[in-house]
Amino acid sequence: MTDLSGARQALEVFQDAWGNGAANDFDTYFAAARHGAYLGLGLLSGEPVVAAFGLLSVDPITARRGLHSHMTATKRSHANSGLGYAMKTHQREWARSQGIEAITWTFDPLQRRNARFNLVRLGAQVIGFYPNLYGRLPDAINEGVDTDRFEVRWEVTTSEGAAIVATADDVVLPLPESIDHIRLTDPDLARLVQADLRVALGQVEDGTLCVRGMTADHSYVLSRKS
């Protein structure tokens, strides 16, 4: 999708999901898509309800041509509707059509629902941890919060993921049910939770451990690299 109207509609979705501070550069989406980037938009009864924007990149594992999915969002009125999965599936098929073998993106490791979707539903693999990657962002969700992020890589041949079982040698890191609720009701506690997880993920940052996956009860499983 490369037209200016579609880029404006994608911006509408992003701002509904993250607030008005999330994204303002629909012209960037338009220009990038016209020159080979990915811009996906889903409509229901003519209303834009889901969108994704990705940039062509270099795959961090193979050094071949890749796709970095910078933004994917569903309007709040259509949350948990399956539209996010449909958009990621479309993105995967687009990547395949372009000869791209894997898609990367980042997400907040404290967002349990996103973690389960990315690691268990899609089968993406964590390839890095970056404290405060984007600095402080002005949008409604991230305002005043350090942007710690996992980077994941999703091979386009992956059909689905699965929960895993930890072994006695693994490090298991449980996640709170809703970090958004904690950030809203007790910001000091939220900062402590983030700080504790950041320390625990330090060995992922330095390459000593890797995130092997997620258990059925929403805990990360860290294993020593072989």
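All chains use their own residue numbering, which begins from 1 and follows the written sequence. The predicted nature of this model means local features are confined to residues of pLDDT at least 70 and side-chain atom pairs, given and counted, to a pLDDT of 80 or more, with totals for whole chains, interfaces and linings taken over all residues. For side-chain calculations, the full set of non-hydrogen atoms in the structure is used, while hydrogens and water are omitted.

**Here's the deal with the overall build of the protein**
Then comes step 1: Strands are runs of DSSP state E lasting at least two residues, helices are runs of H or I lasting at least four, and both sets are numbered from the N terminus onward. Looking only at helices and strands, the protein features seven helices and nine strands.
Then comes step 2: Both definitions apply: the radius of gyration is a C-alpha atom measure, and the globule rule equals 2.2 Å times residues to the power 0.38. Against the compact-globule benchmark of 17 Å for 226 residues, the protein has a radius of gyration of 17 Å, which places it among compact chains.
Then comes step 3: For the protein, the spread of C-alpha atoms along the principal axes amounts to about 50 × 40 × 30 Å.
Then comes step 4: The classification of residues rests on relative accessible area computed with a 1.4 Å probe and restricted to protein chains. Under 20% of the type maximum is buried, over 50% is exposed, and intermediate values are partly exposed. Scored against the burial criterion, the 226 residues of the protein give a buried share of 43%.

**Quick word on the pattern of salt bridges**
Then comes step 1: Salt bridge, as applied in this entry: a Lys or Arg side-chain nitrogen positioned within 4 Å of an Asp or Glu carboxyl oxygen. Applying the stated criterion to the full structure yields 13 salt bridges.
Then comes step 2: Arginine 76 is the salt-bridge partner of aspartate 16, the closest N and O atoms lying 3.7 Å from each other. Of the two residues, aspartate 16 sits in helix α1 (residues 4–18) while arginine 76 sits in the loop between β3 (65–74) and α3 (83–97), which places them 60 residues apart along the sequence.
Then comes step 3: Each of Glu12, Glu47 and Lys75 takes part in salt bridges that share partners, so that together they form one network.

**Quick look at the packing of α1 against helix α2 (residues 26–34)**
Then comes step 1: Where α1 meets α2, the axes come as close as 8 Å, and the angle between the chain directions of the two elements is 130°. Classified by the interaxial angle, the pair formed by α1 and α2 is oblique. Of the two elements, α1 crosses α2, and the hand of that crossing is right-handed. Seen from α1, the contacting residues are Leu4, Ala7, Arg8, Leu11 and Phe14; seen from α2, they are Phe26, Tyr29 and Phe30.
Then comes step 2: Just so you know the grouping, Ala, Val, Leu, Ile, Met, Phe, Trp, Tyr, Cys and Pro go in nonpolar, Asp, Glu, Lys and Arg go in charged, and all remaining residues, Gly too, go in polar. Along the lines of polarity and charge, the residues of the contact of α1 with α2 split into seven nonpolar, no polar and one charged. Interaxial angle, 0 to 180 degrees, is taken between N-to-C directions of lines fitted to C-alpha atoms, where a helix line uses only the stretch in contact. Just so you know how the angles are binned, under 35 degrees is roughly parallel, over 145 roughly antiparallel, 65 to 115 roughly perpendicular, and the rest oblique. The crossing is said to be left-handed when, going from far helix to near helix, the turn is anticlockwise and less than a right angle, and right-handed when the turn is clockwise. Contacts between residues were defined by any pair of non-hydrogen atoms, one from each residue, lying within 4.5 Å.

**A short note on the sheet that holds strand β8 (residues 209–214)**
Then comes step 1: Taking strand neighbours across the sheet as the criterion, the three strands line up as β7-β9-β8 in an open arrangement whose pairing is antiparallel. Each edge of the sheet is formed by a strand with only one pairing partner; in this case those strands are β7 (171–174) and β8. Each strand of the sheet is rotated relative to its neighbour by a mean of 30°, with strand direction disregarded.
Then comes step 2: DSSP-based pairing: two strands are paired if at least 2 bridges between them are found. Inspection of the sheet shows β7 paired to strand β9 (residues 219–224) by four bridges, in the antiparallel sense. Following the sheet pairing, proline 174 is matched in β9 by serine 219.
Then comes step 3: This element, helix α4 (residues 112–121), spans β8 and β9 of the sheet and lies at about 90° to β8.

**Focus: the sheet that holds β3**
Then comes step 1: Read from one edge to the other, the open sheet built from six strands follows the order β1-β2-β3-β4-β6-β5, with strand pairing classed as mixed. Strand pairing shows two members of the sheet lacking a second neighbour, β1 (38–44) and β5 (125–130), which therefore form its edges. Averaged over all pairs of adjacent strands, the angle between their axes in this sheet comes to 25°, without regard to strand direction.
Then comes step 2: Relative to β3, strand β2 (residues 47–58) runs antiparallel, the two sharing nine bridges. Pairing of valine 58 across the sheet is with arginine 65, part of β3.
Then comes step 3: Helix-sheet contacts for α3 involve β1, β2, β3, β4 (102–107) and β6 (149–155), and the interaxial angle to β3 is about 160°.

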